[in-house]
Amino acid sequence: MPRDIKTLILESVTLVEARLDALLPNEDISPSTLHKAMRYSIFAGGKRIRPLLCLEAAKACGATPEAALNAACALETLHTYTLIHDDLPSMDNDDLRRGRPTSHKVYGEGIAILAGDALLTEAFAMLAQSPSNERYNVGNYVRELAHQTGSKKLVGGQVLDLEGEGRELSLDELRAIHNGKTTALILASLRLGGMCANCSSEQLKSLSDFGNNLGLAFQIIDDILDITSTPEMMGKSIGKDEKVQKATYPAIVGLDQARSEARELTAAARASLNVFSAKRQENLLAISDYLLNRNY
Ligand code: GRG
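In this text, all values refer to a predicted model and were calculated from it rather than measured experimentally.

Novice: Lay out helix α8 (residues 154-164) with the relevant residues and their values.
Specialist: For α8, every residue scored as buried is listed here: Leu 154, Gly 156, Gly 157, Gln 158, Asp 161 and Gly 164. Elements that come into contact with the buried residues of α8 comprise α4 (66-86), α7 (138-149) and α9 (171-196). In the stretch just after α8, Gly 166 is the one whose phi turns positive, near 75°.

Novice: Break down the site of the ligand for me, with residues and values.
Specialist: Inspection of the region around the ligand gives 19 residues, with Lys 47, Arg 50, His 79, Asp 86 and Arg 98 positioned closest. Contact between the ligand and Lys 47: an oxygen atom at 2.6 Å from a side-chain N or O atom of the residue. A distance of 2.8 Å separates an oxygen atom of the ligand from a polar atom in the side chain of Arg 50. Compared with its free state, where it exposes 710 Å², the ligand has 92% of that area covered by protein. Of all the elements in the fold, those that place two or more residues in the shell around the ligand are α4, α8, α9 and α10 (201-228). Take the shell around the ligand: its biggest share by element is six residues, from α4. Tallied by class, the residues present in the shell around the ligand amount to six nonpolar, seven polar and six charged.

Novice: Any details on the packing of aromatic side chains? Residues and values, ideally.
Specialist: Any two aromatic rings considered together are summarised by their centre-to-centre distance and by the angle between their planes. Across all of its chains, the model carries one aromatic pair by this definition. Over the aromatic face of Tyr 40 sits the side chain of Arg 100, whose NZ or CZ is 4.8 Å from the ring centroid. The ring of Phe 218 has Arg 294 sitting right over it, with the charged end atom 4.1 Å from the ring centre.

Novice: Tell me what's going on with the pattern of salt bridges, and back it up with residues and numbers.
Specialist: Counted under the stated rule, the structure contains 22 salt bridges. Its salt-bridge partner being Lys 246, residue Asp 92 comes within 3.5 Å of it at the nearest N-O pair. Taken together, the positions of Asp 92 in the loop between α4 and β1 (96-97) and Lys 246 in the loop between α12 (240-243) and α13 (249-253) put the pair 154 residues apart, joining distant regions of the chain. Taking relative accessible area as the criterion, Asp 92 reaches 22% and is therefore assigned partly exposed. By relative accessible area, Lys 246 is classed as buried at 18%. Between Lys 105 and Asp 95 there is a salt bridge, with its nearest N and O atoms 3.8 Å apart.

Thresholds applied
- Residues numbered from 1 in each chain as written.
- Predicted model: local features only at pLDDT ≥ 70, side-chain atom pairs only at ≥ 80, totals over all residues.
- Heavy atoms only, no water.
- Buried < 20%, exposed > 50% of the residue type's maximum accessible area, 1.4 Å probe, protein only.
- Helix = DSSP H or I, 4+ residues; strand = E, 2+ residues; numbered from the N terminus.
- Contact = heavy atoms within 4.5 Å.
- Near = heavy atom within 4 Å.
- Polar contact = N/O pair within 3.5 Å; in protein donor to acceptor, adjacent residues only side chain to side chain.
- Areas by Shrake-Rupley, 256 points an atom, 1.4 Å probe, with all protein chains shown as cover.
- Nonpolar A, V, L, I, M, F, W, Y, C, P; charged D, E, K, R; others polar.
- Phe/Tyr/Trp six-rings, centres within 6.5 Å; stacked < 30°, edge-to-face > 60°.
- Lys NZ or Arg CZ within 6 Å of the ring centre and 35° of its normal.
- Salt bridge = Lys/Arg side-chain N within 4 Å of Asp/Glu carboxyl O.

Put into structure tokens, the structure is as follows:
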């Protein structure tokens, strides 16, 4: 990993984890088991990509990270809920997440469901503590996150995924699943970063185009790593897509074509940033390279 991106990630992770620690209920607050389970999954590591994108989108629009920090924490908190629920026996039934046993393996299914529910609710409480500016207020932030993660996008994507099991899917059907499950939250991260930074409509459009392309590229790489990486690197079980004959990009178009689509989408994402000055594009460009070339 180039040194610059390493520093960028480290700075963002430090800020976000300190604020998450301050915003989330302590473990000794009743009901202690629930708060322990919430913190267990949030502080298990994870790449913290969504908060990073949110903070960097805000910086690209000329704001300080503080303007978007509560929103960044909300995104990571909501993301963690989706991971807990996705791992449940009734969903993907996984034992390993972020290098640790999954929530339901440690706390039981009931508490895992409730920890996910509570993280989802806390995410909106965090977002509601984001400062308003000339163009956007808390109502705009809440509507954005609810839209991207509700029945028509993130949760809807999970439904399409469930309903597609055991059936051959077309590339368009697979794209619709990926756009819901993965792109929607990445898109929300960039848009909320911009909105918290009082972005212009031109900047919001640019961040949205960047997010749409980057989000699909991110999921294609995830599909590829499910074949080529190891559980130790990924911190989650791998090879599962093939085992359960899940539709993935490499399964439909092959590994080489999948890699080439991820590269093309990343190039399109990069090109959409041209409304920002070269200096203001730099960090988002570095993140797009890092995500394309990651091996975990
Ligand atoms: C509402 C039950 C329910 C689920 C929502 C989004 C979703 C549906 C489930 C998430 C599980 C999943 C595999 C989504 C695909 C997106 C993805 C690749 C998530 C993993 O994100 P990373 O790699 O994970 O950023 P870390 O652990 O690094 O944060």
